[in-house]
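# Geometric and topological summary
Chain residues, written in single-letter form:
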2 protein chains.
Amino acid sequence: MKLAVDAMGGDRAPAEIVKGAVEAARKNPCEIVLVGDEEKIVEILSEEEGWENLPLKIRHAAETISMGEHPADAVRNKKNSSIVVATQLVKSGECDAVLSAGSTGAAVAAAQIILKRIHGIGRPAIATPIPTPKGVTLLLDGGANVDSKPVHLVQSGIMGALYAEHVLGKKNPRVGLLNIGEEETKGNEQAKETFRLFSNMTAINFAGNAEGRDIPAGDFDVIVCDGFVGNIVLKFGEGMALTIFELIKEAIEAANVATKLGALLLMPTLKDLSKRLDASEYGGAPLLGVNGYCIISHGSSSAKSICNAIGVANGYVHSNILEKIKTALDEQKF
Amino acid sequence: MKLAVDAMGGDRAPAEIVKGAVEAARKNPCEIVLVGDEEKIVEILSEEEGWENLPLKIRHAAETISMGEHPADAVRNKKNSSIVVATQLVKSGECDAVLSAGSTGAAVAAAQIILKRIHGIGRPAIATPIPTPKGVTLLLDGGANVDSKPVHLVQSGIMGALYAEHVLGKKNPRVGLLNIGEEETKGNEQAKETFRLFSNMTAINFAGNAEGRDIPAGDFDVIVCDGFVGNIVLKFGEGMALTIFELIKEAIEAANVATKLGALLLMPTLKDLSKRLDASEYGGAPLLGVNGYCIISHGSSSAKSICNAIGVANGYVHSNILEKIKTALDEQKF
């Protein structure tokens, strides 16, 4: 696999992105093209021993797209931005996939404008893996689009089910619709109509409505929602985990010696647990529905997250899922 | 204060509801009317020593409304259901407030049909208190309505701000709009238009968009969203907390002696923390926007939650906030 990495995208770019790529290149059988400011990338690489012998290349890109810019406008106007150049490498066939931790909007816009949508898909969706005690649940859309129509949510369900089966190895994955109650009469207009469409499909294993509490429980393999709701839920989950851990830390610091000893003894267990729940262990979420492999990483990605995301990209590309999605859509009637 | 309690509503009704009411009657200077199956209520009361001397009454109601029933239809057809009879007690002036842990939809429908909406309010909203390290954040709408129009969200913001100020004692409360980014250009059509309306208002302290992670952080006093999103977020948060605590428990049970000792030493700190984060400590959420005081409690409410919710009801009624909301709406232009 040959992967284009947007070296300039992310809160901790380019340093953590480049370091993550080096780590991945040491581990995975893949070639990586680092796209961005050549001078800065070389400066970071020079600190990594023996990087010259790794399958790493640099492609200079002078511009960057920041979080505040209008995604589609920025992609159209900044032809030399790292995300545009990286996505072009996939379009031209020079790379198999593109990975970015920069502006999600810009990465999605670049994919839509340059790679185009798969025939039959109205809106691409980010399939975000959520760690649960029973394994990974895929939530889509994680924030690629808002105000989606019911048919778009159904398309997300089909793509999510194929990804869960062929990339995550889940048999006959259970697909749920995120809603405010179990009954089919519950929800807003979008959810009610989506429920009706899902119920008429035999191609996927539709398991009914999923409530908010079903997301962390892990009883569904795929949970479908509008990107507006998905993005809010994901950020809320992150914030909650962060708040709980900070409170535990504060409480321990302020506590007596016995409690501190207790914390010390319990620490390996808590660390192990937090690792199981840590989204950065997965590192990247595929953007499904465009003509090319595209991985969206979290804005705050560390080198470790990027390295893990490159592992995700590897499995994603080798699954050949793009062709499977195309075939499934040709066979579907909406 | 005289409070009508729907004794039959809730997963653990009537036992936990009745016990919670007894506990509250021992603590609070208020009269409670338990509405529901008289025989069952008396049976539970008979286990409580000296209940005859408490300010408790029973009002018989033969029917109940279950979770699966269509709320408005059920309220119209079941005139003798506990929630309808309890809400009628407020309408007639016999009670000052009504409290239910039963079907949220039925409680909201009963309030809307029997008490009617406040003039100027298009949709009532549930103001759910969320515990954060910096105090309580109010999220509204917690699930009274879906597919709300921007003007309804603005009305929720006004009501939430008044509640935060006059009941929770927050000065000049910061009101945020739940969205997928900080910039005013972000979000779905509903959010973008709501942002515009909020920005033109001087009557409340609009602090811009709040992202999902801002909910548990506690930087906003009031966060406004559609009831569809609010309900999903609240249930997701509950599920996540539950999952994390179960995982910690499992990990400790499977661990070695040192870890078990650690857990034992740390337990008082963890319990204290979990108490700070426990939503049942607040117990009830007011339904704002109807002509009467109405408290919605969680379906899984224990006696303790109900007792705390009755405390909330007490403060709510004494705040005289209904009149303040009416005045504020008369002065507002939309």
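The structure under discussion appears in the preceding block.
Fair warning: this is a prediction, and the values are worked out from it, not measured in the lab.

Calculation rules
- Along each chain, residue indices are assigned from 1 in the same order as the chain's sequence is written.
- Each chain gets a letter, beginning with A, and each ligand a number, beginning with 1, in the order they are written.
- Local features in a predicted model are, by the rule used here, given only for residues with pLDDT of at least 70; side-chain atom pairs are given and counted only at 80 or more, and totals for whole chains, interfaces and linings are based on all residues.
- Only hydrogens and water are set aside; all other atoms, that is, all heavy atoms of the structure, feed into the side-chain values.
- By salt bridge we mean one thing: a side-chain nitrogen of Lys or Arg within 4 Å of a carboxyl oxygen of Asp or Glu.
- The helix count covers DSSP runs of H or I at least four residues long, the strand count covers runs of E at least two residues long, and both are numbered beginning at the N terminus.
- Three exposure classes are used, based on accessible area relative to the maximum for each residue type with a 1.4 Å probe and protein chains only: buried under 20%, partly exposed in between, and exposed over 50%.
- Any two strands are treated as partners once DSSP identifies two or more bridges connecting them.
- Note on handedness: a crossover is taken as right-handed if, strands pointing away from the viewer, the path from the first strand over the helix to the second is clockwise.
- Structural elements are reduced to axes, namely lines fitted to C-alpha atoms, with helices fitted over the stretch in contact, and the angle between N-to-C directions of any two is expressed from 0 to 180 degrees.
- By convention the crossing between two helices is left-handed if the near helix lies anticlockwise of the far one by an angle smaller than a right angle, and right-handed if it lies clockwise.
- By definition in these notes, contact holds between two residues if any of their heavy atoms fall within 4.5 Å.
- Think of it as three bins: nonpolar holds Ala, Val, Leu, Ile, Met, Phe, Trp, Tyr, Cys and Pro, charged holds Asp, Glu, Lys and Arg, and polar takes everything else, Gly as well.

### What about the pattern of salt bridges?
Residue and element names in this part refer to chain A. One pass over the structure, following the stated rule, counts 22 salt bridges over all chains. As a salt-bridge pair, E193 and R196 come within 3.0 Å of each other at their nearest N and O atoms. Taken together, the positions of E193 and R196, both in helix α7 (residues 189–199) and three residues apart, correspond to about one turn of that helix. What makes E193 partly exposed here is its relative accessible area of 30%. Residue classification places R196 among the partly exposed residues on the basis of a relative accessible area of 45%. Here E211 ties to R213 by a salt bridge, and the two come within 3.6 Å at their closest N and O atoms.

### Focus on the pairing of strand β2 (residues 31–36) of chain B
Residue and element names in this part refer to chain B. Along β2, five of the six residues are buried, which leaves the element largely enclosed by surrounding structure. Judged from the five bridges that link them, strand β1 (residues 2–6) and β2 form a sheet pairing that is parallel. Paired with L3 across the bridge in β2 is I32. At this point the chain moves from β1, through helix α1 (residues 15–27), to the parallel β2, and the crossover so formed is right-handed. Examined bridge by bridge, β2 and strand β3 (residues 56–60) share five bridges and lie parallel to one another.

### Observations regarding the packing of helix α4 (residues 82–91) of chain A against helix α5 (residues 104–115) of chain A
Helix-helix packing is characterised by the crossing angle of the two axes and by the distance between the axes. All names here are of chain A. Packing of α4 against α5 brings their axes to within 10 Å, and their N-to-C directions diverge by 40°. As α4 packs across α5, the resulting crossing turns out to be right-handed. Contact residues: α4 offers I83, V84, T87, Q88, V90 and K91, while α5 offers A106, A107, A110, A111, I114 and L115. Its residues assigned to classes, the contact of α4 with α5 shows nine nonpolar, two polar and one charged.

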